[in-house]
Amino acid sequence: METYAEQTGDGHVFVGPKGARLRRANFTRVWTAALKKAGLSGFHFHDLRHTGNTLAAQSGATLRDLMTRMGHSTTRAALIYQHTAVERDRAIADALGKLAEQALSKQDPIGSGTQRARKIENAP
């Protein structure tokens, strides 16, 4: 960030040697140098857009929030950039498991959900 970004709070991440926004013709050279310095390869600049939107979604951003951040006018376009992370999937599964355990541990005056369903089915 010290090498390639404007040093202001809302500055551009990639600027040229004189501090101006990069032109399309210069960008590939600067992007490649930044990846090399970071020890990364195989990344496209557009991957940052995918990553940013996925992290925003995982932070709790609503679909409208994501659409606004990305400049999308349709939900379909915004959803393309959301990816499920293994960690998030595990957190959802764990939360569902806890909800199921809580539901099973509560005393149900009619009985379990299965027994309740049978009583309703057999009701006159």
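A short tour of the structure in this document, coming up. (Residues numbered from 1 in each chain as written. Predicted model: local features only at pLDDT ≥ 70, side-chain atom pairs only at ≥ 80, totals over all residues. Heavy atoms only, no water.)

Let us now look at the overall build of the protein chain. Each helix and strand in the protein chain was counted, giving six helices and zero strands. Each helix (α) and strand (β) of the protein chain, taken in turn from the N terminus, gives the series α-α-α-α-α-α. Of the contacts made within the protein chain by residues no fewer than 6 positions apart, 29% connect residues no fewer than 24 positions apart. When the accessible surface of the protein chain is totalled, it reaches about 10200 Å², and 55% of it is carbon and sulfur. (Helix = DSSP H or I, 4+ residues; strand = E, 2+ residues; numbered from the N terminus. Contact = heavy atoms within 4.5 Å. Areas by Shrake-Rupley, 256 points an atom, 1.4 Å probe, with all protein chains shown as cover.)

A surface patch of nonpolar side chains, amounting to about 290 Å² of accessible area, comprises Ile92, Leu96 and Leu99. Along the chain, leucine 99 falls in helix H5 (residues 86-105). (Patch = residues over 30% accessible without salt bridge, like charges linked within 9 Å, V, L, I, M, F, W, Y side chains within 5 Å. Salt bridge = Lys/Arg side-chain N within 4 Å of Asp/Glu carboxyl O.)

To continue, consider the packing of aromatic side chains. In the structure shown here, the tally under the stated rule is three aromatic pairs. Centre to centre, the rings of phenylalanine 27 and phenylalanine 45 are 4.7 Å apart; their planes meet at 75°, and the pair counts as edge-to-face. One end of the pair, phenylalanine 27, is in helix H1 (residues 24-38); the other, phenylalanine 45, is in the loop between H1 and helix H2 (46-58), and 18 residues separate them in sequence. Classification of phenylalanine 45 as partly exposed rests on a relative accessible area of 40%. Joined through ring pairs, the aromatic side chains of Phe27, Trp31 and Phe45 make up one cluster. (Phe/Tyr/Trp six-rings, centres within 6.5 Å; stacked < 30°, edge-to-face > 60°. Buried < 20%, exposed > 50% of the residue type's maximum accessible area, 1.4 Å probe, protein only.)

Within the secondary structure layout, histidine 72 lies in the loop between helix H3 (63-70) and helix H4 (75-80). We classify histidine 72 as buried; its relative accessible area is 15%. A polar side-chain atom of histidine 72 sits 3.2 Å from a polar atom in the side chain of arginine 49. (Polar contact = N/O pair within 3.5 Å; in protein donor to acceptor, adjacent residues only side chain to side chain.)

Before going further, it helps to examine the nonpolar core. Counting eight residues, the largest nonpolar core consists of Tyr4, Phe14, Leu22, Phe27, Val30, Trp31, Ala34 and Leu35. With residues near it in sequence (within four places) discarded, leucine 35 still touches Leu40 and Phe43. (Core = buried A, V, L, I, M, F, W, Y, C linked by side-chain atoms within 4.5 Å.)

These results come straight from atomic positions and should not be treated as a statement about function.
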